[in-house]
Amino acid sequence: MSNYTVPRHRSLLRFFSQPRDWLSPLFSLAAIAVMAVPPVAAAPLALPQVSERLVQANNNDEINDLLIEGQELVLAGNLSEALRAYRQAAQLDNSNARIFSAIGYLEARQNNFDAAVTAYRQALELEPDVAEFYYALAYSLANTGDYAAAEAQYERTIALSPRNTNAFLGLGVMRYRQGNYEGALEAYRQAARLNNQNWQVQESIGSTLLQLERYDEALAVLEEAAELAPNEGRIQVNLGVARLNQEDVEGALNAFNRAAELEPQDGSLLFEVGRLFLSQGERTQALSLFQQASRLSGDRADIHLTVGELLLDNNDGLNAILSLRQAIALEPDWPQAHYLLGRALRQRGRTSEAIASLETALDLAEQVNNEALVGAIQTLLAELN
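Residues numbered from 1 in each chain as written. Predicted model: local features only at pLDDT ≥ 70, side-chain atom pairs only at ≥ 80, totals over all residues. Heavy atoms only, no water.

Peer 1: Please provide a residue-by-residue account of the overall build of the chain, values included.
Peer 2: Looking only at helices and strands, one finds 23 helices and zero strands in the chain. The long-range share in the chain, meaning contacts at least 24 apart out of those at least 6 apart in sequence, stands at 52%. Roughly 17500 Å² of accessible area belongs to the chain as shown, and the carbon and sulfur atoms make up 43% of that amount. (Helix = DSSP H or I, 4+ residues; strand = E, 2+ residues; numbered from the N terminus. Contact = heavy atoms within 4.5 Å. Areas by Shrake-Rupley, 256 points an atom, 1.4 Å probe, with all protein chains shown as cover.)

Right, dumping it as structure tokens:
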């Protein structure tokens with residue numbers, strides 16, 4: 001790993017954005033907000049009170065029975081059976097937008113977002129001027145990864161419901177994810193005008209200002225967010241990043257420690273905090289956080305690889321091998337993991353195994369045209385042969 005240190009006069013964002021070596025896809029960060037935890041997503045969908053309204057408006061006893069059954073199943077937490085009941089009701093009455101809205105909600109609750117999108121579009125065909133349908137459609141589209149379409153639906157929600165804070169928040173998130181940070185900031189500030197006591201809005205403004213490298217403004221907003229939600233670890237991470245960019249290293253490390261204390265079961269957050277500690281040369285603290293993260297987020301190959309590399313640098317080849325094998329089990333075509341495993345095996349004196357791992361790494365690195373890594377592997381293989 002590079003021993004490069006951050007010059008005190010240079011922005012930490014610019015440092016992290018610069019490629020340093022073949023490990024840059026893992027450790028360099030193209031955007032400070034990615035490192036520092038992206039803005040929170042828009043608020044989750046509220047449960048539509050559809051069944052009661054439909055019972056009052058429908059004269060068909062069979063449909064009403066299905067709607068009552070669906071409502072009871074939702075309240076009991078049996079979403080799949082509730083969905084069955086609403087689908088049966090839709091077959092009997094395909095002209096009621098609220099039934100399709102209920103279907104969309106239940107699909108979304110079960111993470112079936114493509115199906116939710118279809119249902120909400122059916123609802124909108126029947127009732128095209130209902131803001132809550134557009135909001136729900138936007139939320140579902142966002143969860144399919146279609147951010148541009150979701151952005152358009154949040155805008156339609158706002159046109160119909162201009163005081164919907166969550167719609168502005170969702171609009172900001174969609175713009176942020178598409179790299180339109182000025183547009184995201186505008187949406188978040190509209191949300192703040194409607195509700196300046198919403199910590200999610202303030203945090204989102206702060207992290208977007210970090211992305212725009214407006215650190216003084218970001219720090220002020222994030223301090224407000226921290227006052228509103230003192231137990232939110234994500235705010236502390238962003239706050240620490242803002243302080244780092246103002247060269248307040250002690251204040252930044254205090255914020256990172258606070259984040260880890262507040263979110264001891266959030267593996268992804270602990271990993272991000274560990275990377276920030278690592279950027280400041282706090283290797284022991286970083287390794288401890290990475291190891292906690294690997295236990296909590298065992299399906300993250302990048303975490304296992306990071307732990308393995310740090311253990312390798314600490315001359316703990318045995319445990320490095322264990323971590324790197326976990327990374328490879330999750331990402332078998334990752335050349336960096338095979339390269340590091342080869343180094344770890346060499347450190348333990350297991351030369352033939354090291355050569356086999358390095359040859360695999362070389363083949364994979366050549367496939368992805370990673371010239372820097374190819375060169376490093378060839379050099380090591382020449383030493384072993």
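Peer 1: Please give an account of the pattern of salt bridges that cites residues and values.
Peer 2: Enumeration over the complete set of coordinates arrives at 18 salt bridges. Of the charged contacts in the structure, one is a salt bridge between Glu383 and Arg346, with a shortest N-O distance of 3.1 Å. Taken together, the residues Glu383 in helix 23 (residues 371–384) and Arg346 in helix 21 (residues 335–347) connect sequence positions 37 residues apart. Residue Arg346 is classed as partly exposed on the basis of its relative accessible area of 37%. (Salt bridge = Lys/Arg side-chain N within 4 Å of Asp/Glu carboxyl O. Buried < 20%, exposed > 50% of the residue type's maximum accessible area, 1.4 Å probe, protein only.)

Peer 1: Can you lay out the UniProt feature "repeat: TPR" (unreviewed entry) in the chain for me, pointing to particular residues and giving the numbers?
Peer 2: Within the UniProt annotation, "repeat: TPR" (unreviewed entry) is assigned to residues 97–130, 131–164, 165–198, 199–232, 233–266, 267–300 and 335–368. Taken end to end, residues 97–130 comprises 79% helix and 0% strand; its first and last C-alpha atoms sit 10 Å apart. With 76% helix and 0% strand, the stretch residues 233–266 has end C-alpha atoms that lie 9 Å from each other. (UniProt positions renumbered as here; feature names shortened; annotations may be inferred.)

Peer 1: Now, about the side chain of Ser357: what can you tell me, with residues and values included?
Peer 2: Considering the arrangement of structural elements, one finds Ser357 in helix 22 (residues 351–367). Classification of Ser357 by relative accessible area gives buried; the value is 10%. Excluding residues within four positions of it along the chain, Ser357 makes contact with His338, Leu341, Gly342 and Leu345.

Peer 1: Tell me about the packing of helix 19 (residues 301–313) against helix 20 (residues 317–330), residues and numbers included.
Peer 2: If you want to describe how two helices pack, look at the angle between their axes and the distance between the axes. Between helix 19 and helix 20, the shortest axis-to-axis distance is 8 Å and the interhelical angle comes to 155°. By the angle between their axes, helix 19 is roughly antiparallel relative to helix 20. Crossing angle aside, the handedness with which helix 19 passes helix 20 is left-handed. Packed against helix 19, whose contacting residues are Ala301, His304, Leu305, Val307, Gly308, Leu311 and Leu312, the element helix 20 presents Asn319, Ala320, Ser323, Leu324, Gln326, Ala327 and Leu330 at the interface. For the contact of helix 19 with helix 20, the per-class residue count stands at nine nonpolar, five polar and no charged. (Axes fitted to C-alpha atoms, helices over the stretch in contact; angles between N-to-C directions. Parallel < 35°, antiparallel > 145°, perpendicular 65-115°, else oblique. Left-handed = near helix turned anticlockwise from the far one by under 90°. Nonpolar A, V, L, I, M, F, W, Y, C, P; charged D, E, K, R; others polar.)

Peer 1: Lay out helix 11 (residues 165–177) in plain terms, naming residues and giving numbers.
Peer 2: With 13 residues, helix 11 should cover 18 Å at 1.5 Å per step; its first-to-last C-alpha distance of 19 Å lies within 8% of that length. Counting buried positions over the 13 residues of helix 11 gives eleven, a clear majority of the element. Listed in full, the buried residues belonging to helix 11 are Thr165, Ala167, Phe168, Leu169, Gly170, Leu171, Gly172, Val173, Met174, Arg175 and Tyr176. Where helix 11 begins, the capping side chain belongs to Asn164, and its oxygen is found 3.1 Å from the backbone nitrogen of Asn166. Backbone geometry just downstream of helix 11 places Gly179 in the positive-phi region, at approximately 85°. (Expected span 1.5 Å × (residues − 1). Polar contact = N/O pair within 3.5 Å; in protein donor to acceptor, adjacent residues only side chain to side chain.)

Peer 1: Tell me about unusual backbone geometry, and please be specific about residues and values.
Peer 2: Of note, Asn111 is a non-glycine position whose phi angle comes to about 65°, a positive value. The residue Asn111 is located in the loop between helix 7 (97–109) and helix 8 (113–126) in this model. The backbone of Glu213 sits at a positive phi, close to 60°, despite the residue not being glycine. Within the secondary structure layout, Glu213 lies in the loop between helix 13 (199–211) and helix 14 (215–228). On the basis of relative accessible area, Glu213 is assigned to the partly exposed category, the value being 30%.

Peer 1: Can you break down the environment of Pro230 residue by residue, with the values?
Peer 2: For Pro230, the position within the fold is in the loop between helix 14 and helix 15 (233–244). Each C-alpha atom of the pair Pro230 and Leu262 lies 9.3 Å from the other, and the pair is 32 residues apart in sequence. Look past the residues within four positions of Pro230 in its chain and what remains in contact with it is Gln236, Arg258 and Leu262.

Peer 1: Help me get a handle on the nonpolar core, residues and values and all.
Peer 2: Membership of the largest hydrophobic core comes to 118 residues, with the highest contact counts inside it found for Ile103, Leu106, Ile205, Phe256, Val273, Tyr339 and Ile377. In terms of residue count, the dominant contributor to this core is helix 9 (residues 131–144) (nine residues). With residues up to four places along the chain from it excluded, the contact list for Val273 reads Val237, Phe256, Ala259 and Leu289. (Core = buried A, V, L, I, M, F, W, Y, C linked by side-chain atoms within 4.5 Å.)

Peer 1: Please set out the packing of helix 15 against helix 17 (residues 267–279) residue by residue, giving values where relevant.
Peer 2: Following both chains from N to C, one finds helix 15 and helix 17 inclined at 15°, their axes separated by 11 Å at the closest point. Considering the angle they form, helix 15 stands roughly parallel to helix 17. For the pair helix 15 and helix 17, the sense of crossing is left-handed. Here Gly233, Arg234, Val237 and Val241 of helix 15 come into contact with helix 17, specifically with Leu269, Val273 and Leu276.

Peer 1: Break down the environment of Tyr120 for me, with residues and values.
Peer 2: Inspection of the secondary structure assignment puts Tyr120 in helix 8. A sequence separation of 18 residues divides Tyr120 from Ala138, and the C-alpha atoms of the two residues are 9.5 Å apart.

Peer 1: Which residues make up helix 16 (residues 249–262), and what are the values?
Peer 2: Owing to its 3.6 residues per turn, the α-helix brings residues three or four apart onto one side. With 14 residues, helix 16 ought to run about 20 Å at 1.5 Å a step, and its terminal C-alpha atoms sit 20 Å apart, in line with that. Among all positions in helix 16, only Gly251, Ala252, Leu253, Ala255, Phe256, Ala259, Ala260 and Leu262 are buried. Structurally, helix 16 contributes buried residues whose contacts are with helix 15, helix 17 and helix 18 (283–296).

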